[in-house]
Amino acid sequence: MIYDPKWYERYISCWRNEEPSRFAFALTQTLPIEPNVTRMLDIGCGSGIQGIYGLIEKHARYVSFMDKERVWLDVARCNVEIKIREGSIQPAQVRFLDPSDLSEISPKEVAQHDLLVFNPPQLPYSFLDEESRLKIDSDPVEQAFRRGGETGLEIVGKFLGWYAGLPLPPDAVILLSSFLGQRNIESLIASFNLRLRREPIPTEATLRKFLWEAAEKISRSEADVADRRIRKVGTIWYKDLLTYQIAGN
């Protein structure tokens, strides 16, 4: 499917200050949902776009929306309620969870789902200049959506550690930027003794402009370019968005 910058308007109406990105688009297109069967837990749901898309377009049985940021859970609830009034979603198909941390989600709760979906903050601060860091740190919305620690994999690691500790985890889908380094990503997954259901599914996306200078430096090493799957076309840098499906028990 060709990316349309306005694709999300069909699914969300509340709080468009932060439009769903290519990350959200790529993840919705690759969700492994079995119609009328899959029970999905949308972790860090934000505006609710992944869960709403999963219900309307892929016919998930039901979706539990979860975000530790109450404001975003309220946005997701608003968008879901609009779709319920339109008749696109039935009330029995949705639930809302508001734990302050992953550790507060009980294994019993997780066991009610067949699929966990996570689109984590993953901006690698080690590649940012001081001006870009300050700009993001001064905006709570940007912090919540972007900040992934120095390597970009800090929150990813916390999620994988929690997931690996579940007694009977369902499959999980996580979307990550190739700019983080495919070796780094897959080594982190392997460090928790987790295995992939299949090879990651790539979707091309433009690299954010404030990372172009870092990309220029990385491009001096062919091995690094191949690992981070970055390429320059004209004056624009591109990367891959990698959808990883982790096998549960």
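From a predicted model like this one, the values you see are computed outputs, not experimental measurements.

1. Observations regarding the overall build of the chain
Alright, step 1. Within the chain, the secondary structure is distributed over ten helices and eight strands.
Alright, step 2. For 249 residues, the compact-globule estimate of 2.2 N^0.38 gives 18 Å, and the chain sits close to it at 18 Å.
Alright, step 3. Along the first, second and third principal axes, the C-alpha atoms of the chain reach 55 × 40 × 35 Å.
Alright, step 4. Within the chain, the fraction of its 249 residues that count as buried is 51%.
Alright, step 5. For the chain, contacts bridging at least 24 residues in sequence account for 73% of all contacts bridging at least 6.

2. Digging into the environment of R70
Alright, step 1. Among the secondary structure elements, R70 is positioned in helix α3 (residues 70-86).
Alright, step 2. Taking the C-alpha atoms as reference, R70 lies 7.0 Å from D98; in sequence the two are 28 residues apart.

3. Let's talk about the state of the cysteines
Alright, step 1. Throughout the structure, instances matching the rule amount to one disulfide.
Alright, step 2. Here C14 pairs with C78 through a disulfide, and the sulfurs are 1.8 Å apart. Taking the sign of the S-S torsion, -50° for the link of C14 and C78, the bridge is left-handed. Of this pair, C14 sits in the segment before α1 (22-30) while C78 sits in helix α3; the two residues are 64 residues apart in sequence, bridging distant segments of the chain.
Alright, step 3. Given a relative accessible area of 12%, C14 falls into the buried group.
Alright, step 4. Residue classification places C78 among the partly exposed positions, given a relative accessible area of 28%.
Alright, step 5. Counting only cysteine sulfurs, C14 is the nearest neighbor of C45, a cysteine outside any disulfide, at a range of 12 Å.

4. Considerations on the packing of α1 against helix α2 (residues 49-56)
Alright, step 1. Interhelical geometry of α1 versus α2 gives an angle of 30° and a closest axis separation of 10 Å. With respect to α2, the element α1 is oriented roughly parallel. Once α1 is placed against α2, the crossing between them reads as right-handed. Between α1 and α2, the residues in contact are A24, L27, T28 and Q29 and I49, Q50 and Y53, respectively.

5. Digging into the packing of aromatic side chains
Alright, step 1. What the rule picks out here adds up to nine aromatic pairs.
Alright, step 2. Taking 6.0 Å as the distance between ring centres and 20° as the angle between the ring planes, the aromatic pair formed by F159 and Y163 counts as stacked. Of this pair, F159 and Y163 both sit in helix α7 (residues 154-164), separated by four residues, roughly a single helical turn. Across this residue pair, the class does not change: F159 and Y163 are buried.
Alright, step 3. In this arrangement the basic side chain of R77 is found over the ring face of F96, its NZ or CZ atom lying 4.4 Å from the centre.
Alright, step 4. Of note, R228 hangs over the ring of F179, and the distance from its end group to the ring centre comes to 5.9 Å.

6. A short note on the pairing of strand β1 (residues 39-43)
Alright, step 1. Across the five residues of β1, four count as buried, placing the element largely inside the fold.
Alright, step 2. Bridge count for β1 against strand β2 (residues 62-66) is five bridges, and the pairing is parallel. Bridge assignment links D42 to a residue of β2, and that residue is F65.
Alright, step 3. As a crossover connection, the stretch from β1 through α2 into β2 is right-handed.

The rules behind these values
- Residues numbered from 1 in each chain as written.
- Predicted model: local features only at pLDDT ≥ 70, side-chain atom pairs only at ≥ 80, totals over all residues.
- Heavy atoms only, no water.
- Helix = DSSP H or I, 4+ residues; strand = E, 2+ residues; numbered from the N terminus.
- Rg over C-alpha atoms; globule rule 2.2 N^0.38 Å.
- Buried < 20%, exposed > 50% of the residue type's maximum accessible area, 1.4 Å probe, protein only.
- Contact = heavy atoms within 4.5 Å.
- Disulfide = S-S within 2.5 Å.
- Axes fitted to C-alpha atoms, helices over the stretch in contact; angles between N-to-C directions.
- Parallel < 35°, antiparallel > 145°, perpendicular 65-115°, else oblique.
- Left-handed = near helix turned anticlockwise from the far one by under 90°.
- Phe/Tyr/Trp six-rings, centres within 6.5 Å; stacked < 30°, edge-to-face > 60°.
- Lys NZ or Arg CZ within 6 Å of the ring centre and 35° of its normal.
- Pairing = 2+ DSSP bridges.
- Right-handed = clockwise from strand over helix to strand, strands pointing away.

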